[in-house]
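Descriptive structure summary
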Amino acid sequence: MDRLNKAPAESRLDRRQVVATLLRDRADLLVVTGLGAPTYDCAAAGDHPNNFYLWGAMGGAAMLGLGLATAQPGRRVLVITGDGEMLMGLGALATIGARKPANLSIVVLDNERYAETGGQRTHTAHGVDLAAVAAGCGFASATTVRTKAQVETLRDAVHAADCPLFAAVKVDPADLPRVLPPRDGVYLAGRFRQALLGEAF
Amino acid sequence: MIAPHEGSDAPARIDWPAQIHEALRAWEVRQVGYVPDAGHSRLIERCHADPQMVTTVLTTEEEGVALLAGAWLGGQRGVLLMQSSGVGNCINMFSLLKSCRMPLVAIVTMRGEWGEFNPWQIPMGSTTPRSLELAGLATYRVEREELVRETVEVALGCAYDTHCPSAVILSQRMLGRKKWTD
């Protein structure tokens with residue numbers, strides 16, 4: 001396992017494959033995406049009314065997931081976001097750790113870059129360990145994922161965990177073609193509520 | 001050093017935190033996010049004790065905006081309790097409300113105005129109402145305890161009947177000056 005964890009950068013996980021695996025057989029999973037590449041990755045895996053894509057509100061994805069998971073305790077909620085977005089709202093991990101919602105998973109696609117703004121290195125490129133932060137905040141499950149086998153395990157955990165779950169998935173920093181989902185917030189919120197609650201407003 | 005005193009012209013006291021709590025219950029508010037403030041302490045205690053409400057203590061106020069956006073997507077109403085200094089922390093996150101036409105009610109206790117002792121509270125306190133208005137929230141200011149409940153109900157109606165986010169500003173004069181001598 002140590003050998004795998006030290007795999008060279010060129011063998012890093014493909015973020016689109018990671019998201020496709022996490023969302024395979026998604027059943028009634030509710031998904032919130034952080035702005036930028038994670039939103040495109042989830043759109044590439046297939047647009048779905050149970051996806052709520054953020055196109056802004058940087059730093060808010062995990063907290064939006066907490067509010068949703070609280071309102072819908074019978075549904076699994078998955079937040080898929082990037083390292084830059086997570087770093088902007090790091091306090092959310094403390095807030096979620098204090099609340100401990102059993103149905104919320106946070107997956108950070110960690111390319112160690114601000115890809116949207118030119119690929120500048122983020123704090124995780126300088127050694128900041130997001131899984132350690134999450135563990136310190138009280139997430140019973142907090143891991144760093146580096147292999148396809150670990151992504152498969154994570155997929156099953158996201159769909160079945162009984163505690164707040166955090167995973168930082170180290171992904172290849174390659175800039176991929178953008179797959180753009182709808183970006184009108186009123187439409188996205190209305191569509192999400194219609195599918196979940198049977199009422200848009 | 002001058003010892004500040006409580007607001008002077010205080011008539012019979014109204015238990016306005018209890019009235020806010022009753023209004024929140026009447027409007028079926030289920031999620032309460034807050035950064036503690038002395039002015040909100042009794043209301044926070046009541047919300048904690050209410051089995052119909054889930055309370056979330058936040059590390060910073062903008063977390064509450066995203067929290068309540070998620071609550072709304074999941075079919076629940078919420079309120080955000082904070083001090084005026086927290087309004088500044090929320091500004092970019094408020095864009096969620098306008099972009100997605102989401103309701104939210106913030107109840108803001110004022111600092112930096114009536115009888116303020118701490119000069120560091122002045123910059124944000126003096127710009128809090130205009131900041132809320134610029135961010136697109138309808139703002140309702142309360143100066144007198146007997147108007148608290150009605151004002152909170154109006155703000156809840158504004159948000160949940162018309163989908164316009166709103167804020168109730170509880171004035172520092174009504175809250176009473178902060179005592180530094182206890």
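Residues numbered from 1 in each chain as written. Chains lettered and ligands numbered in written order. Predicted model: local features only at pLDDT ≥ 70, side-chain atom pairs only at ≥ 80, totals over all residues. Heavy atoms only, no water.

**Quick notes on the overall build of chain A**
- Scanning chain A for helices and strands turns up nine helices and eight strands.
- In summary, chain A has a C-alpha radius of gyration of 16 Å against a globular reference of 17 Å for 201 residues, a match within 12%.
- Counting only C-alpha atoms and orienting by the principal axes, one finds that chain A spans roughly 50 × 35 × 30 Å.
- The buried share among the 201 residues of chain A stands at 54%.
- For chain A, restricting intrachain contacts to residue pairs at least 6 apart in sequence, the fraction spanning at least 24 positions comes to 74%.
- With an accessible surface of roughly 8100 Å², chain A has 53% of that area assigned to carbon and sulfur atoms.
- For chain A, the distance from the average site of its 21 positive side-chain charges to the average site of its 20 negative ones is 1 Å. (Helix = DSSP H or I, 4+ residues; strand = E, 2+ residues; numbered from the N terminus. Rg over C-alpha atoms; globule rule 2.2 N^0.38 Å. Buried < 20%, exposed > 50% of the residue type's maximum accessible area, 1.4 Å probe, protein only. Contact = heavy atoms within 4.5 Å. Areas by Shrake-Rupley, 256 points an atom, 1.4 Å probe, with all protein chains shown as cover. Lys, Arg positive; Asp, Glu negative; His and termini not counted. Charge placed at Lys NZ, Arg CZ, Asp CG, Glu CD.)

**What to know about the sheet that holds strand S7 (residues 141-145) of chain A**
All names here are of chain A.
- Within the open sheet, the six strands sit side by side as S2-S1-S3-S4-S8-S7. Their pairing is parallel. In this open sheet, the two edge strands, each paired with only one partner strand, are strand S2 (51-53) and S7. In this sheet, neighbouring strand axes are inclined to one another by 15° on average, regardless of whether the strands run parallel or antiparallel.
- In this sheet, strand S8 (residues 165-170) lies alongside strand S4 (residues 104-110) in parallel orientation, the contact comprising six bridges. If you follow Asp110 over to S8, its bridge partner there is Lys170. (Pairing = 2+ DSSP bridges. Axes fitted to C-alpha atoms, helices over the stretch in contact; angles between N-to-C directions.)

**Points about helix H8 (residues 148-160) of chain A**
All names here are of chain A.
- For H8, spanning 13 residues, the distance from its first C-alpha to its last is 19 Å, which sits close to the expected 18 Å at 1.5 Å a residue.
- Within H8, burial applies to Gln150, Val151, Leu154, Arg155 and Val158. Angularly, the buried residues of H8 cover 150° about the axis, an arc narrow enough to put them on a single face. Pointing more than 90 degrees away from the buried face of H8 are the exposed residues Ala149, Thr153 and Ala160. (Expected span 1.5 Å × (residues − 1). Arc of directions from axis to C-beta.)

**Description of unusual backbone geometry**
- One non-glycine residue with positive phi stands out, namely Ala57 of chain A, at about 55°.
- Mapped onto the secondary structure, Ala57 of chain A falls in the loop between S2 and helix H4 (61-71).
- In the Ramachandran plot, Arg101 of chain B falls in the positive-phi region, its phi being about 45° despite a non-glycine side chain.
- Tracing the chain through its elements places Arg101 of chain B in the loop between helix H5 (95-100) and strand S4 (105-109).

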